[in-house]
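Structural characterization, general
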Amino acid sequence: VGAAAPMCAGREVRRRMALGLFIIIGMYAVSVRGETLDAYAENENGCWSSATCTFLAIDWGEPASYIVDGRLPTEIGRQNNLRYLSLNVNSITGSLPTELGLLTTLITMSLSIRSLTGTAPTELGRMRNVQWLELYARLSGKIPTELGNVTSLTGLQLRGNALTGSIPAGLSALTKLEWLNLADNSFTGMVPTELGLITSMSMLWLVDNSLTGSVPTELGKMELLEELSLAENSLTCSIPTTIGRMVSLERVVLTGNSLTGALPSELGSMGILDEFEIENNFLTGTLPTEMGLMKSLFQILLGNNSIAGSLPTELGGADSLQYFLVNDNSLTGSLPTTLPDLVSLALDSNSLTGTLPTTVGQMTNLMYLLLHRNSLQGSIPTEFGQNIYLLQFGLHMNSLAGSMPTELGRLGRLTDLTLDSNSLQGSIPSQMGGLS
């Protein structure tokens, strides 16, 4: 403990080391590659046998000489005072020793080691004081139901493994849990309704599994939830109206499911929602006018659904909206003249009619304007030449007539312009020759 704290350690780590509270393994290495973890720890600090460690970290392999290999030794269970265990991005192999369950003083365990295999030991449920548990490896099998006994947990990250089975309903006993990340696994079954009992939750990630059934209405009880990500599953039925009770939500991602029904009007109650992504589903109905009440909304991604009806003029009230992508749907009617100052507007592959509004030229930040594959008529407004930041401009496969405005030559940043399959006449303006 008397060794000087290395400058590569963070300020807080150096401060605590100066107080003699922590021992860091890995920061002092000159050449560790090829040495087994237990031999290295024994030779450098005697940490496996002395039971004196409170802080053990060999992280990220920077520089590369810090990378260690070998297996996690069973002797790790002797560390009666260990509070912090972090062994990220190393070449440690084998499975997790059951003796990890003996680390009853542990507060944080972070093992982001892709070469670790086997199952998650049921003995992990004995770590009664752990608050943060992260296992980013190649673990298989089921989540131990015993993890529901670790009621001290505030963060549980099991993403990127090969875990199977259903998500245990017993996780609802983790009433202090704030982060639950089970993304990128092979979980099946339904999203447990009991998760709605964890009212302390702020982040829920269940992305890229094989979950079925509906989005539980009980999730509406999670009034502190800031991010809900259930994308890339096989969820069905409609979005529950109780989503409107989740007033703390900032991001909702339900892309890549089989959701049906209309978007609930209760979305208008989500005053701080920033991102709303539900692409590649089977949504029907119309866009709720209440979307105009969502003053913090930054991004709406609703592409590849079956949403019909016209675009609500109330969308102009969503002052913060920058990305509005509702391509590949069944929208009809004309483009409203009161849209916000967008960066990206994608309404291609719908059934929109009418003329192009001149007010689009007032979108001073517009970079992507994709309106192809509709039934738009009339001429291209000269005002479109004011969109000087435009990169992609798609109007092909409409019923546009008239000539190409010379003002389009001002779009010096344009990389893609598609106007084919219309009824445009005349020659290409010479001003267009300056576009690169």
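Up top is the structure these notes are about.
About the criteria used
- Residues numbered from 1 in each chain as written.
- Predicted model: local features only at pLDDT ≥ 70, side-chain atom pairs only at ≥ 80, totals over all residues.
- Heavy atoms only, no water.
- Pairing = 2+ DSSP bridges.
- Helix = DSSP H or I, 4+ residues; strand = E, 2+ residues; numbered from the N terminus.
- Core = buried A, V, L, I, M, F, W, Y, C linked by side-chain atoms within 4.5 Å.
- Buried < 20%, exposed > 50% of the residue type's maximum accessible area, 1.4 Å probe, protein only.
- Salt bridge = Lys/Arg side-chain N within 4 Å of Asp/Glu carboxyl O.

A closer look at the pairing of strand β6 (residues 132–136)
Where strand β5 (residues 108–112) and β6 come together, five bridges link them in parallel fashion. Opposite S110, over in β6, you have E134 as the bridge partner. Bridge count between β6 and strand β8 (residues 155–157): three bridges; the pairing is parallel. Each residue of the ladder has a partner; that of E134, found in β8, is Q157.

What about the nonpolar core?
With 103 residues, the main nonpolar core has L85, M109, L263, F276, L302, F324 and L347 as its most contacted residues. At the level of secondary structure, the elements contributing two or more residues to this core comprise β5 and β6.

Here we look at the pairing of β5
Counting buried positions along β5 gives five out of five residues, so the element sits mostly inside the fold. Of the two faces of β5, the one holding T108, S110 and S112 and the one holding M109 and L111 are both buried throughout. As paired strands, strand β3 (residues 84–86) and β5 are joined by three bridges and run parallel to one another. Within the sheet, the bridge partner assigned to L85 lies in β5 and is M109.

Overview of the pattern of salt bridges
Where charged atoms from two side chains of opposite charge come close, those side chains can pair. What the rule picks out here adds up to four salt bridges. Among the salt bridges present, the one from R251 reaches E275, with a minimum N-O distance of 2.9 Å. Of the two residues, R251 is situated in strand β13 (residues 251–253) and E275 in strand β14 (residues 275–277); the sequence distance between them amounts to 24 residues. In this structure, E277 and R251 form a salt bridge, with 3.8 Å as the shortest nitrogen-oxygen distance. Here E277 is found in strand β14, whereas its partner R251 is found in strand β13, with 26 residues between them in sequence. The buried category is assigned to E277, whose relative accessible area is 10%.

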